[in-house]
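The chain contents come next:
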Amino acid sequence: MSHTFGVHEKLDLHEIAVFKTNCLIKAKTMQLLVSDPELKALLMQDIDLSTRQVGQLSDLMTRAAADGGLTS
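These remarks concern the structure in this document. (Residues numbered from 1 in each chain as written. Predicted model: local features only at pLDDT ≥ 70, side-chain atom pairs only at ≥ 80, totals over all residues. Heavy atoms only, no water.)

The next subject is the environment of S35. Note that S35 resides in the loop between α1 (7–33) and α2 (37–66). Its relative accessible area of 72% is what places S35 among the exposed residues. Separated by 20 residues in the primary sequence, S35 and G55 place their C-alpha atoms 28 Å from one another. (Helix = DSSP H or I, 4+ residues; strand = E, 2+ residues; numbered from the N terminus. Buried < 20%, exposed > 50% of the residue type's maximum accessible area, 1.4 Å probe, protein only.)

Rendered as structure tokens:
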């Protein structure tokens with residue numbers, strides 16, 4: 001089944017991708033400054049998860065762009 005993305009869905013997808021990318025950047029920056037091993041481990045988990053999520057969002061944005069109207 002093929003899904004056509006609406007304009008509002010494309011804009012929401014872009015907004016989420018920007019937010020997750022900013023979160024990823026902040027987690028990577030903070031990980032370099034943290035000395036507590038537990039907190040560092042939590043940040044590494046967040047970095048791994050966020051990296052996968054940004055990749056998935058990028059794939060969705062590519063599909064949405066192929067649908068017409070939004071470029072990634």
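Before going further, it helps to spend a moment on the side chain of K20. For K20, the position within the fold is in helix α1. No salt bridge is formed by the buried K20; the nearest opposite charge belongs to D46, separated by 4.9 Å. A distance of 2.9 Å separates the side chain of K20 from the side chain of Q53, its partner in a polar contact. In this structure K20 touches S50, Q53, V54 and L57, once residues within four positions along its chain are discounted. (Lys, Arg positive; Asp, Glu negative; His and termini not counted. Salt bridge = Lys/Arg side-chain N within 4 Å of Asp/Glu carboxyl O. Polar contact = N/O pair within 3.5 Å; in protein donor to acceptor, adjacent residues only side chain to side chain. Contact = heavy atoms within 4.5 Å.)

With that settled, the discussion passes to a nonpolar patch on the surface. Taken together, the side chains of M30, L32 and L33 present a nonpolar region at the surface, about 350 Å² in accessible area. With respect to the helices and strands, L32 occurs in helix α1. Here L32 falls in the exposed class, since its relative accessible area comes to 69%. (Patch = residues over 30% accessible without salt bridge, like charges linked within 9 Å, V, L, I, M, F, W, Y side chains within 5 Å. Areas by Shrake-Rupley, 256 points an atom, 1.4 Å probe, with all protein chains shown as cover.)

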